[in-house]
Amino acid sequence: MAGYLIAETTKEEREQIVAESLGNIEASCDGCGPGLAEMYQPYIDGEKELREITMEFNARYVKGDDMPGRSGCMYH
């Protein structure tokens, strides 16, 4: 396998990359395992690169003025 980019992998290789990266999610007790696996389905299907999925996931945690309930430090 040459790399992780969609153009460098087959669907089967991408499935293997995701499975190995997530480990045994079936045995997770916190209930987030299946949702995490679903998050990477666009990569497996060749629709989005891993980088795009990670950036979208991280964007949910970016603090900004336009986010309700995030007005800054209350100790100012």
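In what follows, the structure referred to is the one given above.
Before going into details, it helps to say that this report is about the structure given with it. Since the structure is predicted, the reported quantities are computational estimates derived from the model, not experimental observations. (Residues numbered from 1 in each chain as written. Predicted model: local features only at pLDDT ≥ 70, side-chain atom pairs only at ≥ 80, totals over all residues. Heavy atoms only, no water.)

A closer look at the nonpolar core
Moving on, step 1. Membership of the largest hydrophobic core is limited to seven residues, which are Ile6, Ile17, Val18, Tyr40, Tyr43, Ile44 and Ile53.
Moving on, step 2. Elements supplying a minimum of two residues to this core: α1 (11–22) and α3 (41–44).
Moving on, step 3. If sequence neighbours within four positions are ignored, isoleucine 44 has contacts with Lys11, Arg14, Glu15 and Val18. (Core = buried A, V, L, I, M, F, W, Y, C linked by side-chain atoms within 4.5 Å. Buried < 20%, exposed > 50% of the residue type's maximum accessible area, 1.4 Å probe, protein only. Helix = DSSP H or I, 4+ residues; strand = E, 2+ residues; numbered from the N terminus. Contact = heavy atoms within 4.5 Å.)

Re the environment of glutamate 12
Moving on, step 1. Relative to the helices and strands, glutamate 12 resides in helix α1.
Moving on, step 2. Expressed as a C-alpha distance, the spacing of glutamate 12 and aspartate 45, which sit 33 residues apart in the sequence, is 9.7 Å.

Focus: α1
Moving on, step 1. Across its twelve residues, α1 extends 17 Å between first and last C-alpha, which sits within 8% of the 16 Å expected from 1.5 Å per residue.
Moving on, step 2. Among the residues of α1, those classed as buried are Arg14, Ile17 and Val18. Along the long axis of α1, the arc covered by the buried residues comes to 90°, so they all point the same way. Pointing more than 90 degrees away from the buried face of α1 are the exposed residues Glu12 and Glu20.
Moving on, step 3. Where α1 is buried, its residues meet α3.
Moving on, step 4. Phi turns positive one or two residues past the end of α1, at glycine 23, with a value near 75°. (Expected span 1.5 Å × (residues − 1). Arc of directions from axis to C-beta.)

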